[in-house]
Amino acid sequence: MRDSQSLLEQLMAFCSETITVDDVHGLLGTAASGRIIELISHLSRRDAAQAIECLHELWKTGSEPEQVAQQLMGVYRDTLAVAVGGGQEIMEFTQRDEFPQVQKLAEAMGQYTCLAALEILQELFRKLRFSVQIRVLIEMTVIRIATLEELDEIQNWLNVLQSSQDRKSVV
């Protein structure tokens, strides 16, 4: 509660009469969830160059690299939750009105790719504790995610192969 009050006082001191969402993002070093969705959209299309460009735009506008990485993990979490059949009520890191975009990402990536991206991000957080090259590590992570194979498609093919082998063993 005290932290919230302190943040509100800081916002009131540095903002005009009306405090906006952008003001809050600026103070916290975060980005709007829509910008993170945009970043993940580039990653889902395997467009590493656009993803890196999007990262740099976020950083140029005041978003802190570690905060962006945390938000990236949160939006991937929401995407995974939707990919396994969750509705908009299960989303914790994105706005309710962004559900159609998250659902589109979930369909494009699938649960296995989301899981792999989350594991890569988890590894990033382990490395961040021991490095001063935060931006480089985040860029490397984004490129790794952008170059993930379509894991759900691979899983589908494995299921087909497994079912054909199961039929052969029955015969």
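The structure under discussion appears in the preceding block.
Reading the values: rules and limits
- Residues numbered from 1 in each chain as written.
- Predicted model: local features only at pLDDT ≥ 70, side-chain atom pairs only at ≥ 80, totals over all residues.
- Heavy atoms only, no water.
- Helix = DSSP H or I, 4+ residues; strand = E, 2+ residues; numbered from the N terminus.
- Contact = heavy atoms within 4.5 Å.
- Areas by Shrake-Rupley, 256 points an atom, 1.4 Å probe, with all protein chains shown as cover.
- Patch = residues over 30% accessible without salt bridge, like charges linked within 9 Å, V, L, I, M, F, W, Y side chains within 5 Å.
- Salt bridge = Lys/Arg side-chain N within 4 Å of Asp/Glu carboxyl O.
- Buried < 20%, exposed > 50% of the residue type's maximum accessible area, 1.4 Å probe, protein only.
- Axes fitted to C-alpha atoms, helices over the stretch in contact; angles between N-to-C directions.
- Parallel < 35°, antiparallel > 145°, perpendicular 65-115°, else oblique.
- Left-handed = near helix turned anticlockwise from the far one by under 90°.
- Nonpolar A, V, L, I, M, F, W, Y, C, P; charged D, E, K, R; others polar.

1. Some remarks on the overall build of the chain
Now for step 1: Within the chain one finds 8 helices and 0 strands.
Now for step 2: From first element to last, N terminus to C terminus, the chain shows the α and β order α-α-α-α-α-α-α-α.
Now for step 3: When contacts within the chain are restricted to residue pairs at least 6 apart in sequence, long-range pairs at least 24 apart make up 62% of them.
Now for step 4: As displayed, the chain has an accessible area near 10,600 Å², and 53% of this comes from carbon and sulfur atoms.

2. Looking at a nonpolar patch on the surface
Now for step 1: A surface patch of nonpolar side chains, amounting to about 270 Å² of accessible area, comprises Leu8, Met12 and Ile19.
Now for step 2: The topology assignment puts leucine 8 in helix α1 (residues 2-14).
Now for step 3: Judged by relative accessible area, leucine 8 falls into the partly exposed class, the value being 44%.

3. Some words on the packing of helix α3 (residues 33-44) against helix α4 (residues 48-60)
Now for step 1: Between α3 and α4, the least distance of the axes is 8 Å, while the angle of their chain directions is 160 degrees. Judged by the inter-axis angle, α3 sits roughly antiparallel to α4. Of the two elements, α3 crosses α4, and the hand of that crossing is left-handed. Counting all contacts with α3, which are made through Arg35, Ile36, Glu38, Leu39, His42 and Leu43, the residues of α4 involved are Gln50, Ala51, Cys54, Leu55, Glu57 and Leu58.
Now for step 2: Residue composition of the contact of α3 with α4, by class: 7 nonpolar, 2 polar and 3 charged.

Purely geometric numbers; function is a separate question.
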